[in-house]
Amino acid sequence: TSTMSLLNGLAIQHSSDYESLIPYVVHILGMLVLKKACAREYLYYRTPSPWLQIKLLKFLQFFPNAISTEPNGAKKKNGAAPNNKAYVSQLT
């Protein structure tokens, strides 16, 4: 969590320099939330590392335009709804 505090502080000042970390942050968040993968001492009322989850979400708030309509940044041509299963499979 201390590293995320540092990254959050740096991302406030120079967000474009830290945009490449978004996939890693999403992956860590997915591991915590979806797979509940963390050491037992970091569980708080069966929630895996809630403080780290909050800091990861705060980091993602600095990049509101980072969400693409398709996995891997591709845009949907026909305007149909994106396949949400592809997003979940990328996290797991």
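Residues numbered from 1 in each chain as written. Predicted model: local features only at pLDDT ≥ 70, side-chain atom pairs only at ≥ 80, totals over all residues. Heavy atoms only, no water.

Mean pLDDT over the protein chain: 75, with 71% of residues reaching 70 or higher. Between residues 78-89, whose pLDDT stays under 50, and residues either more than four places distant or in other chains, the model counts 10 contacts. (pLDDT = per-residue confidence, 0-100. Contact = heavy atoms within 4.5 Å.)

Time to look at the environment of C38. Position of C38 relative to the elements: it lies in the loop between α2 (22-33) and β1 (43-44). The sequence separation of C38 and P48 amounts to 10 residues, and the corresponding C-alpha distance is 6.1 Å. Not counting chain neighbours up to four residues away, the residues in contact with C38 comprise L32, L43, P48 and S49. (Helix = DSSP H or I, 4+ residues; strand = E, 2+ residues; numbered from the N terminus.)

It is worth spelling out the side chain of S49 at this point. Mapped onto the secondary structure, S49 falls in the loop between β2 (47-48) and α3 (50-61). Excluding anything up to four places from it in sequence, S49 contacts L32, C38 and Y42.

Turning our attention to the packing of α2 against α3. Between α2 and α3, the least distance of the axes is 10 Å, while the angle of their chain directions is 150 degrees. Between α2 and α3, the crossing angle belongs to the class labelled roughly antiparallel. Here the hand of the crossing between α2 and α3 comes out left-handed. For the pair α2 and α3, contact is made by I22, V25, V26, I28, L29, L32 and V33 and by L52, Q53, L56, L57, F59 and L60, respectively. (Axes fitted to C-alpha atoms, helices over the stretch in contact; angles between N-to-C directions. Parallel < 35°, antiparallel > 145°, perpendicular 65-115°, else oblique. Left-handed = near helix turned anticlockwise from the far one by under 90°.)

Right, let's get into the environment of P48. Mapped onto the secondary structure, P48 falls in strand β2. For P48, a relative accessible area of 1% gives the class buried. Sequence-wise, P48 and M31 are 17 residues apart; in three dimensions their C-alpha atoms are separated by 9.5 Å. (Buried < 20%, exposed > 50% of the residue type's maximum accessible area, 1.4 Å probe, protein only.)

Taking 1.5 Å of rise per residue, the 12 residues of α3 would be expected to cover 16 Å, and the 17 Å separating its terminal C-alpha atoms lies within 8% of that figure. Residues of α3 that are buried in the fold lie against α1 (2-13), α2, β1 and β2. (Expected span 1.5 Å × (residues − 1).)

Here Q53 is to be found in helix α3. Judged by relative accessible area, Q53 falls into the buried class, the value being 15%. At a separation of 2.6 Å, a polar atom in the side chain of Q53 contacts the main-chain carbonyl oxygen of P48. Filtering out sequence-adjacent residues up to four positions away, Q53 remains in contact with L29, L32, V33, T47 and P48. (Polar contact = N/O pair within 3.5 Å; in protein donor to acceptor, adjacent residues only side chain to side chain.)

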